[in-house]
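Structural overview for review
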There are 2 protein chains.
Amino acid sequence: MFRPPFKAKSRRLPATSDAAPGDNVVSLSETRGAAATKERILDSAESLFMEHGFEATSLRSITAAAAVNLAAVNYHFGSKEELFQAVLTRRLDPMNHDRLTLLTRLEAEAAPKALSCEKILTALFIPALTLARDPRRGGKNFLRLLGRAYADPAPFIRQFLSAQYAEMIVRFKTAFGRALPYLPRKELSWRLHFIMGALSYTLAGTDALKLIAELNPHESDDDEILLRRLAPFLLAGLKTPLPDVSDVTRELDVELARRAKDDRARRTHLTRS
Amino acid sequence: MFRPPFKAKSRRLPATSDAAPGDNVVSLSETRGAAATKERILDSAESLFMEHGFEATSLRSITAAAAVNLAAVNYHFGSKEELFQAVLTRRLDPMNHDRLTLLTRLEAEAAPKALSCEKILTALFIPALTLARDPRRGGKNFLRLLGRAYADPAPFIRQFLSAQYAEMIVRFKTAFGRALPYLPRKELSWRLHFIMGALSYTLAGTDALKLIAELNPHESDDDEILLRRLAPFLLAGLKTPLPDVSDVTRELDVELARRAKDDRARRTHLTRS
DNA sequence: CTATAATTCAAACAAACGTTTAAATGAGCC
DNA sequence: GGCTCATTTAAACGTTTGTTTGAATTATAG
């Protein structure tokens, strides 16, 4: 009997994991015990969810890769959805916390002057890069998984990500607002939206576009090079003057007007024939 | 008996659809017949794939929404995967063809001078916008679906998209290369990658980030406004000087160095204790 | 009208899915 | 040692999945 207490916030831990939180013993030489089982499941799930997506990854493939019993997922996490959230939380939570900490420190260092956009963007990028470069954790896998989760239609994923990102986004938006006081708040919201989109999309590393870039395989795997190129690109967009004085919107208007005219012409031609 | 000939490239069409290709009779007042069945399936599949993704959408839900028999999908398209490809092809093929045509025309108009980045970006955006605004076709649904397909891990989707985009990407890359001759080809590849990513991500319209933008609901649905904001943003990034003289990379280096130092300090502290 | 091929239909298929069950196993405490 | 939990295990649960089948239906051609 004895139903799994997976809903309990803090249940009695097994003997193998009585290390205080904060110690980085993680799970070295820990090959059995409940905590080790949970971690093996999380690791396998992370790479399999990354590779095939949430729906297309079966619990059987996860438990097989983790060398644990099928029922272990439901016992330790409750359900497949909760497992997925646990996979995301494990790395996303520290990363976003890292971002906030770094932003706060940089703000304190720059006080009383406002932080530059360069430094704010740095606070956004560095924690992601740190995660990607950490060899202990499957950081690269995770960032890909995260990028995919952003585009996943499943409601529970979207809800979860919104909640996870909400606080961080607000903080960064006010920071950027201070750095770009001339920029209307709504325009800033758009640009921040574009930045987060480009970041998550780029880190997802969809190889569907690898042929666009003609990159050396090893180079496209280096996230540092990637962010080093992405950051100036996004920063230029962030700092650009308001769109209503831009050349490109004028070109858009020209073509839109031409299409409208063509459309009218085609319509009258059809009614006459 | 009479097995479905869904592999035959051009099989005899039913009586209701003997219109020559190119006529835009589409399927008005066509509520029965094989062609109408195929189109109803495509419409339902488009919106359901958009809403739930490929894996999470069942053939039963598609056929129910289309009011056709369950077996109709396998009869007319062969399999679920082929149906998905048909859904993408139906709109993506004309849209990319439209892009190439528009680019060619603009190049001819500007000859012998090189095309400006603004005009090239226009050739990239206008066909997508035209598709989105066409009320006859579920353009908006489709663009969302497309954005999601870009992030889908399924191999057959990635392969398919690569093939669909290959030609168009090459043409646009050479056009941008002519407009930005000072820019190294590899850097251009990166920036084009970022542009395609931001475009697909933005058009996907993931509402996970709606709270970032604090937008009016109706405003976030207007793809024209969206592209009007996105275009100047991306254009500024495209035209920005090389990253090795950028301020933001310097800031990235500062923080990376600091992290490396902290890391060394932490390591020595641990070995001493 | 009749023959013939194309399409639709209800039903069934085997396989895979997430989840649940109850017994077996394991380790820590008195 | 015996007791008590937490954990693991193998098996089965009931659904749902994409696909196939063969007959019924419909439309076209001669």
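Up top is the structure these notes are about.
It should be emphasised that the depicted structure is a prediction, and the values quoted were computed from it without experimental measurement. (Residues numbered from 1 in each chain as written. Chains lettered and ligands numbered in written order. Predicted model: local features only at pLDDT ≥ 70, side-chain atom pairs only at ≥ 80, totals over all residues. Heavy atoms only, no water.)

Below, the discussion takes up helix 7 (residues 155-179) of chain A. With 25 residues, helix 7 of chain A should reach 36 Å at 1.5 Å per residue; the first-to-last C-alpha distance of 34 Å fits that figure. At Tyr165(A), helix 7 of chain A is deflected by roughly 45 degrees, the largest bend along its length. (Helix = DSSP H or I, 4+ residues; strand = E, 2+ residues; numbered from the N terminus. Expected span 1.5 Å × (residues − 1). Bend = angle between axes of the 7 residues up to and from the residue.)

Okay, the relation of the copies chain A and chain B next. Superposition of the two copies of the chain requires a rotation about an axis and a shift along the axis. Structural alignment of chain A on chain B gives an RMSD of 0.1 Å, achieved by rotating through 180 degrees and translating 0.0 Å along the axis. Read as a symmetry element, the transformation amounts to a two-fold axis. Of the interface residues in chain A, 100% have counterparts in chain B that sit at the interface too, so the contact is made through matching surfaces. (Least-squares fit on C-alpha atoms with pLDDT ≥ 70 in both. Contact = heavy atoms within 4.5 Å.)

Residues and elements named next belong to chain A. For the bond running from Ala-111 to Pro-112, omega is 5 degrees, close enough to zero to count as cis. In this fold, Pro-112 is placed in the loop between helix 4 (80-110) and helix 5 (117-133). In the Ramachandran plot, Ala-67 falls in the positive-phi region, its phi being about 60 degrees despite a non-glycine side chain. Residue placement: Ala-67 occurs in the loop between helix 2 (59-66) and helix 3 (72-76).

It is worth spelling out the packing of aromatic side chains at this point. Residues and elements named next belong to chain A. Here the structure, examined in full by the defined rule, presents 16 aromatic pairs over all chains. Considering the side-chain rings of Phe-49 and Phe-54, the 5.6 Å spacing of their centres and the 35 degrees angle between planes classify their relative orientation as tilted. Of the two residues, Phe-49 and Phe-54, neither departs from the other in class, the shared state being buried. Ring centres of Phe-49 and Phe-84 lie 4.9 Å apart, and the angle between their planes is 80 degrees; this geometry places the pair in the edge-to-face category. Here Phe-49 is found in helix 1 (residues 34-52), whereas its partner Phe-84 is found in helix 4, with 35 residues between them in sequence. Accessibility classification places Phe-49 together with Phe-84 in one group, the buried group. A connected cluster of aromatic rings, assembled from ring pairs, spans Phe-49, Phe-54, Phe-84 and Phe-156. Positioned over the ring face of Phe-54 is Lys-80, at 4.6 Å from the centre of the ring. (Phe/Tyr/Trp six-rings, centres within 6.5 Å; stacked < 30°, edge-to-face > 60°. Buried < 20%, exposed > 50% of the residue type's maximum accessible area, 1.4 Å probe, protein only. Lys NZ or Arg CZ within 6 Å of the ring centre and 35° of its normal.)

For the rest of this paragraph, the subject is helix 8 (residues 185-204) of chain A. An ideal rise of 1.5 Å per residue puts 28 Å on 20 residues; helix 8 of chain A measures up with 28 Å between its terminal C-alpha atoms. Buried residues dominate helix 8 of chain A, accounting for 18 of its 20 residues.

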